[in-house]
Structures are given as structure tokens and as C-alpha cells.
Amino acid sequence: MRILIKNVQLNRHPVDIFIDGRFIVRVGNDLYEEAERVIDGSGKAVVPGFVNGHTHSAMTLFRGFGDDLPLEKWLNEKIWPYEKHLSEEDVYWGTKLACVEMIKTGTTCFNDMYMHYPPVLRAVEEMGLRAVLGSTVFDFFRDDIAGQARQQVAKDSVLPRSGRISFSLAPHAIYTVSGATLRWVDDSAKANGWLVHLHLAETQTEYNNSVKNFGLSPVRYLNRLKLLSPRLILAHCLYVDEEEIRMLADHGVRVVHNPNSNLKLGSGHAFKYREMKAAGILTAIGTDGAATSNNLNMLEAAKIAALLQKGWRNDPTVMPAGEALQCITENGAAILNIHAGKIEAGYLADLCLIDLRSSAFTPGFNFVSNLIYATYGNCVDTVICDGNILMENRSLKGEDEIVEQAGKTADKLIKNHG
Ligand SMILES: [Zn+2]
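What counts, and at which threshold
Residues numbered from 1 in each chain as written. Predicted model: local features only at pLDDT ≥ 70, side-chain atom pairs only at ≥ 80, totals over all residues. Helix = DSSP H or I, 4+ residues; strand = E, 2+ residues; numbered from the N terminus. Expected span 1.5 Å × (residues − 1). Buried ≥ 20, exposed ≤ 12 C-beta atoms within 10 Å, placed from the backbone. Arc of directions from axis to C-beta. Contact = placed C-beta atoms within 7 Å. Right-handed = clockwise from strand over helix to strand, strands pointing away. Pairing = 2+ DSSP bridges. Domains from an automatic or database assignment. Nonpolar A, V, L, I, M, F, W, Y, C, P; charged D, E, K, R; others polar. Axes fitted to C-alpha atoms, helices over the stretch in contact; angles between N-to-C directions. Left-handed = near helix turned anticlockwise from the far one by under 90°. Core = buried A, V, L, I, M, F, W, Y, C linked by C-beta atoms within 7 Å.

Caption draft 1: Main features of helix H15 (residues 399–417). Taking 1.5 Å as the rise per residue, H15 with 19 residues should run 27 Å; its terminal C-alpha atoms sit 27 Å apart, in good agreement. Regarding H15, the residues found buried are Ile-402, Ala-406, Thr-409, Ala-410 and Leu-413. Looking straight down H15, one finds its buried side chains confined to an arc of 95°; they lie on one side. Exposed residues lying more than 90 degrees from the buried face of H15 are Asp-400, Glu-401, Glu-404, Lys-408, Asp-411, Lys-415 and Asn-416. Buried residues in H15 make contact with helix H1 (71–83) and helix H2 (88–104).

In C-alpha cells form, the structure reads like this:
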């Protein structure tokens, strides 16, 4: 479809944007292109669609279930006992709910790790978002489970996908996946051009156990396994020292900071953004699953990330609003090897129109500051992904049914297995 957006604010200047098919084709003034849809952008600003660098979308089903617990207790007592009962239908509705929430808060792309690949894929295809969907790998250090995981990956990887969806391998963590399986994951990813999505150095306990079990800290352990590469996206990386940051940078590893989840689980707060940026590590931001961050709102995640950096450093200059926005747009797209994250000709047409007519944007001295620090996700008026309009005037097709079905699904899951 050809879409012409007229008179929208871009970096405080009114512009027109012409989208043809999947791409932004022209950005300029007084464009008069033939288009099937013309959108009046007056009173609105355009930003690239947000990229959620790390999440488990169907965990929306566990929102508010098992709050205020540390990671290990939360996983063992609240999540894993119920997750094993999840049906494909449950995961489908959980993912649909996540997609609703992401679209309503301006996310156009996300990096996902969850079980039951087919219903996740089906839900995301239907909802029109862009995503890198990880086939999750666990082996719990057992050969029989490793064999099953390999078979599952073989099945998931050949499912038909649209151009919006990329396949990745998502080994859960170094405490749930053996070194041999991690090696197999990286070899498979290298052979097929897939990304690898892994939790790493999330808690002090994980760090201590890594030293105890493998004789090395988490990053050094991955280095010994020869897993560090530009294919690797690491979620968390809270417990890393200067030398490990150098190792990550030298190998082109990408890192995703998840401030809300880290704070809520009490996993840690001293994410070394400044050192990673100085070392040249591509850093994005994620929400993690809605069971730990409780929402999938990237504007909130960006704000918390920025505040957290200033807080633990006692330095208000770290991660200014513009850098927080860059982390959730340009950097997010870059870590996923996606040509999006900028409003420029030639980039994928993944963008949001922000409604400026609210108290949060008044006065309008600094749009980026207002967007990151003052507003909420409900400032997102229109969302376009891959050149398709997913939401306009905050109206999203099918929202009510999805919310209702997902709510029923979660209730049934907890009631039947509690
Ligand atoms: Zn996670």
C-alpha cells in the first residue's frame, strides 16, 4: 500500500512522509505522491517504532502472578510449575495479548524467547508485528532432553514465515543449557545465519554458580566455549567486569538491558551502560516478560533505564533522553540486523505517530525529553509496521476479543493447575 503522511513533526519540523510497500520512500516538504491512504499528521510527531530487545511475549498470562520474589524462587515455585501445563492455545492467546499491548505502546518489533513456537508465530503473523522469534532450548544437562530440543528446533526452523519474522535460537541460560548444547546452538546458528538469544549474568547467584560449576564467570565461560560472536544477543549482563566488557566488544556481542525486570526481581541495578557504550557494544533495551516487568511498554523501560543510570552513578549526565530513545529504536533494530529504527528514505516503514495534544507534551520545549520522561505509552496514536497500518487513532482491530480471551486463558491455567 502507498501511504502519504502529511504535515507531521519530525525533529520539530513539519514534513511529509511517503511510504510505498514496506519502505519509507521519501521524507520532505510538500510531497504530492499518489497514495491509497493519506494521513493527516498535524498535531502529531513521528518516531521510529520501538524495538523490544528482550521479552517472553506469552508471559503476559502470568502478569501479577508471583510478584515480589527473587529470580530463582520465582522461576522454581511460580513460573515453571505452571508453564509446563501451557497448551499451544494458551500461548497463542498470551502472545496475542502481548502484541496488543506492544502495538498500543508503539512497539513495532520484538526479540522473543518462549516455548511452543508454532502458536507464537501464528499470533505474531496475524497481528502484523515484526519479530525475531526464538526457538527456546533447554537441556538441564541431560542428553535425552538435549536430543528433544534439537528435534524441536528442526521442526520450528522450517515453519513457513513471512518476511517480517526471523528465526533465532534461544538457549535459556548457562544454568539450564549445557556447554555441549550451547556449542551446537552456535554451530547451527552460524550455518543458517540465525541469531542466538541468551540470558546471561543476570544475578549474583548465577555468577557464583558459574564460578563454582565451570570455574569461570559467565562471560569467560562463554568465551571458553567460543560462543562470543556478533550472532549473540545477551539479555541482562549485569555482572560483568572491565575485561569481560572488552571481550564482548571485541567479538561484536550485542547486549540488552532490562531495567524493570532487574529492579523488580532485585537481580541488580548497576548495568554498565557507560562502559559498554565506550567499548563500542551495541546496547538495546527490553522489558523482559510481563511476569517480571508487568508491562511491555518500551517508553517506560526507556525512562527507567535512563533514571537508573543516573541514580546508581550519582551522575545525571549518563544516558540522556536522546540516548534512551536511540536504544529503543535504532540500536534495537541494529542488534536484530533489521534495517529500521530511523525515519529516512530506504528504511523499513516501521513508525509511530505520537499525539502531541496532551499535558505531557505541553510545553513543547523538548519533544524527546517529553516522550521519554513525561509521557506514557498512551501517547501513541498510530502505528505502522512493514508499511501496514496496525493502529490508527488508538483503534486496534480485535483488541476487545483478545483481551477477553487471554484473561480467560490465564484464569483457567492457574485454576486448573493450582
Ligand atoms: Zn528474560
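Still to come is the rest of the account.
Caption draft 2: Quick peek at the pairing of strand E12 (residues 254–257). Burial of the side chains of E12 extends over both faces: Arg-254 and Val-256 are buried on one face and Val-255 and His-257 on the other. Read as a crossover between parallel neighbours, the route from strand E11 (residues 232–236) over helix H8 (residues 242–250) to E12 is right-handed. Note that E12 and strand E13 (residues 283–285) share three bridges and pair parallel. By the bridge assignment, His-257 is partnered in E13 with Ile-285.

Caption draft 3: Layout of unusual backbone geometry. Here Thr-362 and Pro-363 are connected by a cis peptide whose omega angle stands at 0°. Structurally, Pro-363 is set in the loop between strand E14 (351–355) and helix H14 (367–374). Despite not being glycine, Phe-140 shows a phi value in the positive range, around 45°. Mapped onto the elements, Phe-140 comes out in the loop between strand E8 (130–137) and helix H4 (143–157). For Phe-140, a count of 14 C-beta atoms within 10 Å puts it in the partly exposed group.

Caption draft 4: The arrangement of the domain arrangement of the chain in detail. Each assigned domain of the chain is listed with its residue range as follows: domain 1 (2–48 + 345–399) and domain 2 (50–335). Averaged C-alpha coordinates put domain 1 and domain 2 at centres separated by 28 Å. Each side of the interface is counted separately: domain 1 has 21 residues, and domain 2 has 22 residues. Looking at the side of domain 1 that touches domain 2, the elements with two or more residues in it are strand E5 (44–48), H14, strand E15 (380–385) and strand E16 (388–391). Among the elements that make up the side of domain 1 that touches domain 2, the one with the highest residue count is H14 (five residues). Residue classes in the side of domain 1 that touches domain 2 are distributed as 14 nonpolar, four polar and three charged.

Caption draft 5: Geometry of the packing of H2 against helix H3 (residues 117–127). At a minimum axis separation of 8 Å, H2 and H3 run at an interaxial angle of 35°. Viewed along their axes, H2 and H3 form a crossing whose handedness is right-handed. Along the contact surface, H2 presents Glu-88, Val-91, Tyr-92, Thr-95, Lys-96 and Cys-99, while H3 presents Pro-118, Pro-119, Val-120, Arg-122, Ala-123, Val-124 and Met-127. Looking at the contact of H2 with H3, its residues break down into nine nonpolar, one polar and three charged.

Caption draft 6: Geometry of the pairing of strand E7 (residues 107–114). Along E7, eight of the eight residues are buried, which leaves the element largely enclosed by surrounding structure. Pairing of strand E6 (residues 50–55) with E7, which is carried by four bridges, proceeds in the parallel orientation. By the bridge assignment for E7, Val-51 is matched with Cys-109. Relative to E8, E7 runs parallel, the two sharing six bridges. Within E8, the residue paired with Tyr-114 across the bridge is Ser-135. Viewed along the sheet, the connection from E7 through H3 into E8 turns out right-handed.

Caption draft 7: Inspection of the nonpolar core at higher detail. Ile-17, Leu-129, Leu-234, Ala-302 and Ala-305 are the most contacted members of the largest nonpolar core, which totals 136 residues. Counting contributing residues, this core receives three or more from each of domain 1 (2–48 + 345–399) and domain 2 (50–335).

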